[in-house]
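# Residue-level structural notes
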Amino acid sequence: MKSIQSRCRLLTIALLSIAAVARVPASENVAHEPFAQWADVPDPGQLIVRLTYEESESYHFWAGNKRHLVDFLLDGEHYGIDINQGYISLQYGITEKWAADLSLGYTTVGWRYFANGGTPGDVRSTTGLMDTPIGVRYQIFKEDKANNPWTPTLTFRVGTIIPGSFSQHIPFAPGTRSTAIEPELLVRKHFGWEGFGAYGDALFRWNHTTANDLYIVSFGLFQQIKNWELDAGYRHLGSISGDSIQFDTTSQRIRYPRGVRENQDSIEAGFDYRTPWRGMRVGFQSRTVFDGSNTDKKFWIGGFVEMPFSLLKK
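None of these values were measured; they are calculated from a predicted model.

This brings us to the sheet that holds strand E2 (residues 60-63). Spatial ordering of the open sheet is given by E3-E2-E19, a layout of 3 strands whose pairing is antiparallel. The sheet terminates laterally at strand E3 (66-69) and strand E19 (295-296), the two strands that pair on one side only. Pairing of E2 with E19, which is carried by 2 bridges, proceeds in the antiparallel orientation. Across the sheet, tryptophan 62 pairs through a bridge with threonine 295, a residue of E19.

With that out of the way, let us pick up the pattern of salt bridges. Using the criterion set out here, one finds 15 salt bridges in the structure. Here aspartate 101 makes a salt bridge to arginine 157, at a shortest N to O gap of 2.9 Å. Taken together, the residues aspartate 101 in strand E7 (residues 98-111) and arginine 157 in strand E10 (residues 153-162) connect sequence positions 56 residues apart. For the residue pair aspartate 101 and arginine 157, the accessibility class agrees, reading buried in each case. A salt bridge links arginine 281 to aspartate 272; the shortest N-O distance between them is 3.2 Å. According to the relative accessible area criterion, arginine 281 is buried, its value standing at 10%. Counted as one network, the salt bridges with shared partners bring together Glu28, Asp101, Arg137, Arg157, Glu182, Glu184, Arg205 and Arg235.

Here glycine 121 shows up in the loop between E7 and strand E8 (124-129). Through-space distance from the C-alpha of glycine 121 to that of glutamine 252 is 11 Å; in sequence the pair is 131 residues apart. Those residues within four positions of glycine 121 in sequence are excluded, and the remaining contacts are Phe72 and Arg112.

Our next topic: the side chain of glutamine 37. On the secondary structure map, glutamine 37 appears in the loop between helix H1 (2-22) and strand E1 (46-58). A residue is classified by how much of its surface remains accessible, and glutamine 37, at 7% relative accessible area, is buried. Once residues within four sequence positions are removed from consideration, glutamine 37 is found in contact with Arg50, Arg188, Asp272 and Arg281.

This brings us to the packing of aromatic side chains. The final tally for this structure, using the stated rule, is 17 aromatic pairs. Taking the centre distance of 6.0 Å and the plane angle of 25 degrees together, the rings of phenylalanine 114 and phenylalanine 172 count as stacked. Separated by 58 residues along the polypeptide, phenylalanine 114 in the loop between E7 and E8 and phenylalanine 172 in the loop between E10 and strand E11 (180-190) bring together distant segments of the chain. An identical accessibility class is assigned to phenylalanine 114 and phenylalanine 172; each is buried. A relative accessible area of 0% means that phenylalanine 114 is categorised as buried. The cationic tip of arginine 50 hangs over the ring face of phenylalanine 304; the distance from NZ or CZ to the ring centre is 3.7 Å. The ring centre of phenylalanine 222 lies 4.3 Å from the NZ or CZ of arginine 188, which sits over that ring.

So, about the nonpolar core. Judged by nonpolar contacts, the single largest core of 19 residues is most densely connected at Phe61, Ile81, Phe114, Phe172, Ile245, Phe247 and Ile254. By size, the runner-up hydrophobic cluster in this structure holds 7 residues, among which are Ala39, Leu186, Tyr199 and Phe222.

Rules used throughout
- Residues numbered from 1 in each chain as written.
- Predicted model: local features only at pLDDT ≥ 70, side-chain atom pairs only at ≥ 80, totals over all residues.
- Heavy atoms only, no water.
- Pairing = 2+ DSSP bridges.
- Helix = DSSP H or I, 4+ residues; strand = E, 2+ residues; numbered from the N terminus.
- Salt bridge = Lys/Arg side-chain N within 4 Å of Asp/Glu carboxyl O.
- Buried < 20%, exposed > 50% of the residue type's maximum accessible area, 1.4 Å probe, protein only.
- Contact = heavy atoms within 4.5 Å.
- Phe/Tyr/Trp six-rings, centres within 6.5 Å; stacked < 30°, edge-to-face > 60°.
- Lys NZ or Arg CZ within 6 Å of the ring centre and 35° of its normal.
- Core = buried A, V, L, I, M, F, W, Y, C linked by side-chain atoms within 4.5 Å.

Shown next, in the form of structure tokens:
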């Protein structure tokens, strides 16, 4: 009798463990250009190609509003939640005011801390295509062509997201793997002394697969000095629906709902330089999550190289 009860108990634990893993989705990770740079549109017939590499690491996460350490120490080395990814972004100027954009990338994430799928210390990871954004933009106003000195560069974008190919069944997978539609409004405006200005970017994302709709708002300042631009600002990601992460500190097992209610506040900064040779642009960007809920405390760092090409003869 005791043997039967023991087997039933083990079977119950196994089923609960499988359920915990099978319901894990992932955090937001869609390739978008920072600092409202999509407010500008390419010239008609111009193709802009940008190659970006990014990586992030985090050693803390929030289950609900409670912060936890996610640092596994092995042979003197610290292992957190690590993401490495690269993507190519394409922009094409259709007319003076219309443009299309597409980003394709590959991503990987790995960690050792959680007990999901093994024991703490075992490496769990996934790789695959990133969630892919496709969009069209319409530039409502262009600052340097307006008669009113208060008119900013203002652009409306509508996009769709195609799910990536990485596994969603791993905690903190690098994307939601959800089809989505997102309207977005971007603005950049110079004011004050020469080269100084502000930017703003706001989007709403209807996540069709996961149903945890979210919004992202960022704003900040920029300073242009000859061929250089320096940027710094604030970014907020908020979910309007979804459920909280559950974490057992004893077993180190984490459980996500399929639609996680992720919220985070970040500081973003970067700089870029436009070379005299063919208008090539190189830059650096970073973002640090300093507060949130149902998310991890990522520190992002990355760089890009951008090159414009003219596909139409003048």
